[in-house]
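Each chain is listed here by its residues.
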Amino acid sequence: MKIPSISLWGVYSVWHRHARVYQRTWLVNFLPPITEPIVYLIAFGLGLTPLVGEVVYNGQPVTYLEFIAPGMIALGVLFQSFFEGAFGSFIRLNFQRTWHALLTAPLTFGDVFVGDWLWATTKGMITGTLTGVVAIVWGIYSPLHLLMALPFMLLGSLLFACMGLIVAGAADKVDHINIPIFGFVIPMFTLCGTYFPRETLPGTLKAIADILPLASLVDLLRFPMGLPQWWWANILWLVVLTLISAALAVRMIRPKLIH
Amino acid sequence: MAQTLPTLPRDTAALSAYDLWKSYGDRPVVQGVSFTLNPGEVLGLLGPNGAGKTTTVGMLYGLVTPSRGFVRMGTFDVKSDGRRARDRMGIVTQEDNLDPDFTVIDNLIFFAHHYRLRGAAARRRAGELLAELELEDYAQYAVEQLSGGLKRRVVLARALINQPQVVFLDEPTTGLDPDARQEFWKLVIRLRKMGCGVLLTTHYMDEAQRLCDRLILLQQGKMIDQGTPPELIERTVGTEVVELEGVAEDQLQQVAATYQTWCRSFGNGYVLSLSGDRAPQIWDALVALQPEQITRRSANLEDVFLRLTGRMLE
């Protein structure tokens, strides 16, 4: 596949445009989505701790609150980067025709694509980090651990943003975006060990959950409780999926713009 | 003493298209289109819907990759050096793809960023453009609050941010009311005076006739003729035509055959070319047919198109 021409300035300029739009509309675009993982953290944390108390993770007992904190960070990363990649880019591609306008400037398809990708990644990072900050204030995740978790969050945000872009390129109508949300994102959120250990799932379902990318991200974010034995394979898996997703997203979107 | 004349550079064209072809599958959309656009010239690309105008414009700025041929913007090849080529181009697409989240002035300021114009320089340039295009009163308006004509003007202002050498206007006045169209025409004339090369695609013949220094006629992706509007009219239809209604077609065809002139149906009646020295005789012969209505008028580009393509522009 031909690698699109990309310039650092071009990518930054596209990202900057999206960031300025976000700045203008932050009350609407920032507050509601950011509350989602935080509400889950509070609701699951306060609601289920009296019932669950502790869970066994990596052979060791941990409090339920400590267990779900990284899960909710991963959830923030997943939801925000995927939704921005899917809905945000779909709207810019098909309704606002922002991509078309940008391509009349001295920008290439590569600049616009990577700028959109990194913007969706940024939104995943913002929500993941703020959920982490809430967990820190609550005393269930340490500031140092959040700092060390940033590269994992970045990897997850890059991947889920790119998966969102695939959907933005593949969907003909905005309603089509619901299909991967209910067929992939929600099942991944519920099955991948964000709020219960995957060990409790039956064999086949656990095997499926284990290979879903959110499972790798959650396991990596739980590093304060011990990394999984094959932690490097988790990283490699996320990197490989990101590269495949990027290639697919380019393939889906490019023909809609460049003939 | 022999005087040495100054020599012009070999290629003074602002934009050159060389043998452009584009096919989608087996379907050819553009076939062998070549032309140059000079500074300070308005070049019209005319054709009915589906003639390949927008595809040609897409190839000119790199959105459509030619199946064959290439485009040069000055010395830059659009395909391999699109970024630098577009740095010198201003592109007004058919659709108004302004940023609805920004005000009018912010649309310009944030677009200027793509040209590395930032901060005070971007604000200054945006202010200049708003003044030039008489948009100052709308600087703080949201895009949705603007009329169609004003939106087109903002899209043009956005295209002019980097003081382009070439401006593409792809059906810029489609959907505008007559006042807004005339206001837009004034801007095109101003661009020409500023030395910009302007490439205009339109299917409004009056627009093409008023604005264009030179025209290229496209049909089914092929260039079928080119020249100045008066040249094309004179060469194709002559200077005058007659429109007439309420006359038998066979009688009319007989007159056309006798004087070897062009005739075809037109609306509810017919149009016939009054060409050459025999115009008075043709006119007398037509009057003798006692048509219900007969009008003599100057030939225009609509007649040219009717003759060359056999159809009216939609």
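Residues numbered from 1 in each chain as written. Chains lettered and ligands numbered in written order. Predicted model: local features only at pLDDT ≥ 70, side-chain atom pairs only at ≥ 80, totals over all residues. Heavy atoms only, no water.

What follows is about the confidence of the model for chain B. Residues and elements named next belong to chain B. Within chain B, residue pLDDT values average 88, and 95% of them lie at 70 or more. Within chain B, no element has a lower average pLDDT than helix α11 (residues 301-309), which sits at 82, and none a higher one than helix α3 (residues 104-112), at 96. Taken as a whole, residues 1-11 scores under 50 in pLDDT and shows 2 contacts with residues more than four places along the chain or in a different chain. Predicted complex metrics record ipTM = 0.89 and pTM = 0.88. (pLDDT = per-residue confidence, 0-100. Helix = DSSP H or I, 4+ residues; strand = E, 2+ residues; numbered from the N terminus. Contact = heavy atoms within 4.5 Å.)

Quick look at the pattern of salt bridges now. Residues and elements named next belong to chain B. One pass over the full model with this rule turns up 25 salt bridges over all chains. The salt bridge involving Glu183 is made with Lys186; its shortest N-O contact spans 3.2 Å. Of the two residues, Glu183 and Lys186 both sit in helix α6 (residues 178-193), 3 residues apart, roughly one turn of that helix. Residue Lys186 is classed as partly exposed on the basis of its relative accessible area, which comes to 49%. (Salt bridge = Lys/Arg side-chain N within 4 Å of Asp/Glu carboxyl O. Buried < 20%, exposed > 50% of the residue type's maximum accessible area, 1.4 Å probe, protein only.)

What follows concerns the interface of chain B and chain A. Much of the literature gives interface size as the accessible area that the parts lose upon coming together. With 27 residues of chain B in contact, the opposing surface of chain A contributes 29 residues. The junction of chain B with chain A conceals about 2600 Å² of combined surface from both sides, 56% of it contributed by carbon and sulfur atoms. Its largest share of buried area at the contact with chain A, chain B owes to Leu63, Arg83 and His114 of chain B, together 27% of the area lost on that side. Viewed at the interface, chain A and chain B are joined by 4 salt bridges. Glu95 of chain B serves as the salt-bridge partner of Arg97 of chain A, at 3.0 Å between the closest nitrogen and oxygen. Connecting chain B to chain A are 12 residue pairs in polar contact (both at pLDDT 80 or more). Of all the secondary-structure elements, those providing two or more residues to the side of chain B that touches chain A are β1 (15-24), α2 (82-87) and α3 of chain B. (Buried area = accessible area lost by both parts, 1.4 Å probe. Polar contact = N/O pair within 3.5 Å; in protein donor to acceptor, adjacent residues only side chain to side chain.)

With that settled, consider the sheet that holds strand β12 (residues 263-266) of chain B. Note: strands within a sheet are paired through backbone hydrogen bonds, in either parallel or antiparallel orientation. Residue and element names in this part refer to chain B. Spatially, β12-β13-β11-β14 is the arrangement adopted by the 4 strands of the open sheet, whose pairing is antiparallel. Pairing within the sheet leaves two strands with one partner each, and these edge strands are β12 and β14 (293-298). The average undirected angle you get between the axes of adjacent strands in this sheet is 25°. Sheet topology places strand β11 (residues 240-245) next to strand β13 (residues 269-274); 5 bridges connect them, and they run antiparallel. When the sheet's bridge partners are listed, Val242 is paired in β13 with Leu272. Packed onto the sheet, helix α10 (residues 279-288) meets β11, β13 and β14 and runs at close to 155° relative to β13. (Pairing = 2+ DSSP bridges. Axes fitted to C-alpha atoms, helices over the stretch in contact; angles between N-to-C directions.)

Okay, the sheet that holds strand β10 (residues 222-227) of chain B next. Residues and elements named next belong to chain B. Ordered in space as β6-β7-β8-β3-β9-β10, the 6 strands form an open sheet in which the pairing is mixed. Every interior strand has two partners, whereas the edge strands, β6 (89-92) and β10, have only one. Going across the sheet, the axis of each strand differs from the next one's by a mean of 15°, ignoring polarity. Sheet topology note: the strand β7 (residues 166-170)/strand β8 (residues 197-202) ladder contains 5 bridges and is parallel. Its bridge partner being in β8, Val167 is matched across the sheet by Val198. Sitting on the sheet, helix α5 (residues 148-159) is in contact with β6 and β7, with an inclination near 160° to β6.

What follows covers the nonpolar core. The biggest cluster of nonpolar side chains holds 110 residues, and the ones touching the most others in it are Phe113 of chain A together with Leu15, Leu156 and Phe168 of chain B. Apart from the residues lying within four places of it in its own chain, the contact partners of Phe168 of chain B are Leu15, Val57, Leu60, Tyr61, Met89, Gly90, Ile91, Val92 and Leu199 of chain B. Judged by nonpolar contacts, the second largest core, of 52 residues, contains Tyr57, Val62, Tyr64 and Leu241 of chain A. (Core = buried A, V, L, I, M, F, W, Y, C linked by side-chain atoms within 4.5 Å.)

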